[in-house]
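# Structural overview
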Amino acid sequence: MRTMMELDQSCSVLREYGSEQSLISKPDGSSTFVQGDTSILAGVYGPAEVKVSKEIYDRATVEVLIQPKMGLPGVRERAREQCVRETCEAALLLTLHPRSSVTVILQVIHDDGSLLSCCLNAACMALMDAGLPMNHLFCSVTCAISKEGQIITDPTARQEKESRALLTFAIDSVERNVLMSSTTGSFSVQELQQCIAISQKASEQIFQFYRDSVKRRYSKIK
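None of the values given here were measured: they were computed from a predicted structure.

## What to know about the environment of G131
- Within the secondary structure layout, G131 lies in the loop between α2 (115–130) and β6 (138–145).
- Judged by relative accessible area, which is 57%, G131 ranks as exposed.
- For the pair G131 and I145, spaced 14 residues apart in sequence, the C-alpha to C-alpha distance is 37 Å.

## Concerning the UniProt feature "domain: Exoribonuclease phosphorolytic" (unreviewed entry) in the protein
- Within this numbering scheme, the UniProt entry marks residues 14–133 and 136–201 as carrying the feature "domain: Exoribonuclease phosphorolytic" (unreviewed entry).
- Taken end to end, residues 14–133 comprises 28% helix and 33% strand; its first and last C-alpha atoms sit 29 Å apart.
- Note that residues 136–201 is 29% helix and 41% strand, and that its end C-alpha atoms are spaced 17 Å apart.

## Here's the deal with the pairing of strand β8 (residues 165–172)
- β8 sits mainly inside the fold: 8 of its 8 residues count as buried.
- Of the two faces of β8, the one lined by A165, L167, F169 and I171 and the one lined by L166, T168, A170 and D172 are each fully buried.
- Bridging between β6 and β8 involves 8 bridges; their strand directions are antiparallel. Its bridge partner being in β8, F138 is matched across the sheet by D172.
- Pairing geometry for β8 and strand β9 (residues 178–185), over 7 bridges, is antiparallel. Bridge pairing in β9 links T168 to S182.

## Thoughts on the packing of aromatic side chains
- This structure, assessed with the given rule, holds 4 aromatic pairs.
- Look at Y17 and F33: their rings are 6.2 Å apart centre to centre, the planes differ by 15°, and that puts the pair in the stacked class. Here the residue Y17 occupies a position in strand β1 (residues 17–21), and F33 occupies one in strand β2 (residues 29–35), the gap between them amounting to 16 residues.
- Note on Y17: relative accessible area 3%, which makes it buried.
- Every member of this aromatic cluster is reached through a ring pair, and the members are Y17, F33 and F209.

## Comments concerning the side chain of S39
- With respect to the helices and strands, S39 occurs in strand β3 (residues 38–48).
- Residues in contact with S39, not counting those within four places in the same chain, are F33, V34, Q107, V108, I109, H110 and C118.

## Examining the pattern of salt bridges
- Counting across every chain of the model gives 8 salt bridges.
- Between R164 and E191 there is a salt bridge whose closest N-O contact spans 2.4 Å. You can see R164 sitting in the loop between α3 (157–162) and β8 and its partner E191 sitting in helix α4 (residues 189–221), a full 27 residues away along the chain.
- On the accessibility criterion, R164 (28% relative accessible area) is partly exposed.
- Members of the salt-bridge network, linked through shared partners, are R15, D112 and D154.

What counts, and at which threshold
- Residues numbered from 1 in each chain as written.
- Predicted model: local features only at pLDDT ≥ 70, side-chain atom pairs only at ≥ 80, totals over all residues.
- Heavy atoms only, no water.
- Helix = DSSP H or I, 4+ residues; strand = E, 2+ residues; numbered from the N terminus.
- Buried < 20%, exposed > 50% of the residue type's maximum accessible area, 1.4 Å probe, protein only.
- UniProt positions renumbered as here; feature names shortened; annotations may be inferred.
- Pairing = 2+ DSSP bridges.
- Phe/Tyr/Trp six-rings, centres within 6.5 Å; stacked < 30°, edge-to-face > 60°.
- Contact = heavy atoms within 4.5 Å.
- Salt bridge = Lys/Arg side-chain N within 4 Å of Asp/Glu carboxyl O.

Rendered as structure tokens:
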């Protein structure tokens, strides 16, 4: 299921994206998410037994692992894992499953830009597939600011390399609040506000995509 849309009041365009759930049998929930040529495979395990050293008495523990396409995880993967973990912790109703663990594993299939956004979107679809209770859904949008000051949503790897700033936001589905932000490079307060507004606008289309995907899936079951 794929779609492309142009943001109102912006010359930026989201790349084509698509998703498929329940691809793997072993995880409690799984999904793929594709944005342009960037592709992520996500698996969710839990709630499950947790190691005593990681046990939290009043809520579940969330662990996130990102596996690169080649080689071992490095500093970049650890930073992205923290962003995904913080977003999942904000969305999940963890107090319903104390002294347990929820593990999200993200495998990078291909990276052509906006990788963190794709990881977050894949994680949300996998959490939905696992049927875990959530306060709200979430999605993510990446904005790149070119040297000329143009804001590009969902940039490719080349556009990211040529930009002077890169900003990724996780947005909730209820109030469209920013749950998480990850930024690199230099930008003004006005540019930050513009990127947030554009991301919030783009999130409406992604949340609609979530709803359409679920409707299509369960209409087939009937």
